[in-house]
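# Summary of the model geometry
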Amino acid sequence: MKSLCARSIILLLLSCFFNSYSGVSQHLKLPVSDFNEKKYEPVSDNSILTRGQTRCFSGTGMLNELILDGGTLLVTGKMKIKKLTILKGSIVVAKKASAILPALEFNGNASLINCGSVTFTGDVSLNHTNNCIANNGPDAKMNWGSSVFNFGGKNSIFINNGISDIGNLLLNSKKGKVLLGPNSLTNVVNLTNNFKNRIFIPKGIAKLSQAGYAQLSQSLTDSHNLIVCPGPYSEIRKAVVSTGGYGKANVMEKGCTSFPSPINPILTSYK
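Quick summary incoming for the structure in this document.

### Describing the environment of C256
Position of C256 among the secondary structure elements: in the segment after strand 23 (250-251). Judged by relative accessible area, which is 13%, C256 ranks as buried. Leaving out residues up to four positions away in the same chain, C256 has contacts with C229, P230, G231 and P232.

What follows is the structure in structure tokens.
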């Protein structure tokens with residue numbers, strides 16, 4: 001079986017389900033081990049994974065339908081799911097593995113931890129409480145395409161340690177936290193922030209590129225360690241700049257197409 005971020009996964013799951021934000025932030029960069037010592041039963045189509053059940057998808061193929069109701073799905077191969085219902089439970093994608101997932105609603109006590117590659121073919125919404133999505137590792141990738149990531153619900157957590165591409169990012173969680181790890185890159189087309197300082201940079205420098213509009217009715221971050229690159233066609237709605245904006249982020253000049261090296265100064269434009 002392919003290597004998984006086992007220790008990282010255990011710590012992240014504990015942090016997600018017990019809302020230990022300090023614990024999560026301390027483990028933004030975690031060591032990698034594997035699950036080779038333990039074998040898991042293969043998952044079958046139209047399964048319902050309940051509490052205590054762990055099933056594995058290996059090889060290459062597709063599931064028509066799957067329901068997570070407290071169980072755990074491990075992905076160590078290349079998988080596509082047409083219909084996935086998450087009542088509660090966890091999905092773990094191994095290093096070098098990939099998952100193509102449909103539109104999803106996380107309805108409480110649910111998590112997705114990716115050490116490989118995840119592609120969403122529809123909108124993703126975090127609802128209710130205690131949901132967690134973690135892009136865990138410098139080589140981990142998540143891609144929403146043009147879809148919406150509605151970061152809502154109570155005590156939500158989104159962690160990006162790698163590269164995340166998001167069509168429309170809506171920050172709609174009053175107490176949720178977006179944690180961006182060192183050297184991580186978050187590419188968004190459109191960005192909407194409705195609650196104050198929801199982006200946190202616990203360590204190092206994180207990068208965020210914005211290709212489209214930013215509607216920032218509240219301050220985006222209280223950290224100087226977020227670098228924002230507004231692309232050539234980006235805009236910020238001027239009516240809300242005085243009350244919101246990018247907060248304390250370092251914002252490059254509009255029209256930028258790349259991020260500065262550590263030794264070069266950051267040219268700022270608007271905030």
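Additional details are given in the paragraphs that follow.
### Digging into the side chain of N193
Secondary-structure assignment places N193 in strand 17 (residues 185-193). Taking relative accessible area as the criterion, N193 reaches 0% and is therefore assigned buried. In terms of polar contacts, N193 uses its side chain to reach the backbone carbonyl oxygen of F195, at 3.0 Å. With residues up to four places along the chain from it excluded, the contact list for N193 reads L171, R198, Q215, L216, S217, Q218, S219 and L220.

### Things to note about the state of the cysteines
Across all of its chains, the model carries one disulfide by this definition. Paired through a disulfide, C229 and C256 show a sulfur-sulfur distance of 2.1 Å. Between C229 and C256 the sulfur-sulfur dihedral comes to about 140°; the bridge is accordingly right-handed. Of this pair, C229 sits in strand 21 (residues 226-230) while C256 sits in the segment after strand 23, and the two are 27 residues apart along the sequence. Here C229 matches C256 in class, with each residue buried.

### A closer look at the nonpolar core
Nonpolar side chains tend to gather and get buried jointly when the protein is soluble and globular. Counting residues in hydrophobic clusters, the biggest one holds 52 residues, and the most contacted among them are L73, L101, L112, F149 and L226. When residues of this core are assigned to their parent elements, the largest contribution, six residues, is made by strand 5 (residues 78-93). One finds I113, C132, A134 and I159 within the second-largest nonpolar core, a separate group that totals six residues.

Calculation criteria
Residues numbered from 1 in each chain as written. Predicted model: local features only at pLDDT ≥ 70, side-chain atom pairs only at ≥ 80, totals over all residues. Heavy atoms only, no water. Helix = DSSP H or I, 4+ residues; strand = E, 2+ residues; numbered from the N terminus. Buried < 20%, exposed > 50% of the residue type's maximum accessible area, 1.4 Å probe, protein only. Contact = heavy atoms within 4.5 Å. Polar contact = N/O pair within 3.5 Å; in protein donor to acceptor, adjacent residues only side chain to side chain. Disulfide = S-S within 2.5 Å. Core = buried A, V, L, I, M, F, W, Y, C linked by side-chain atoms within 4.5 Å.

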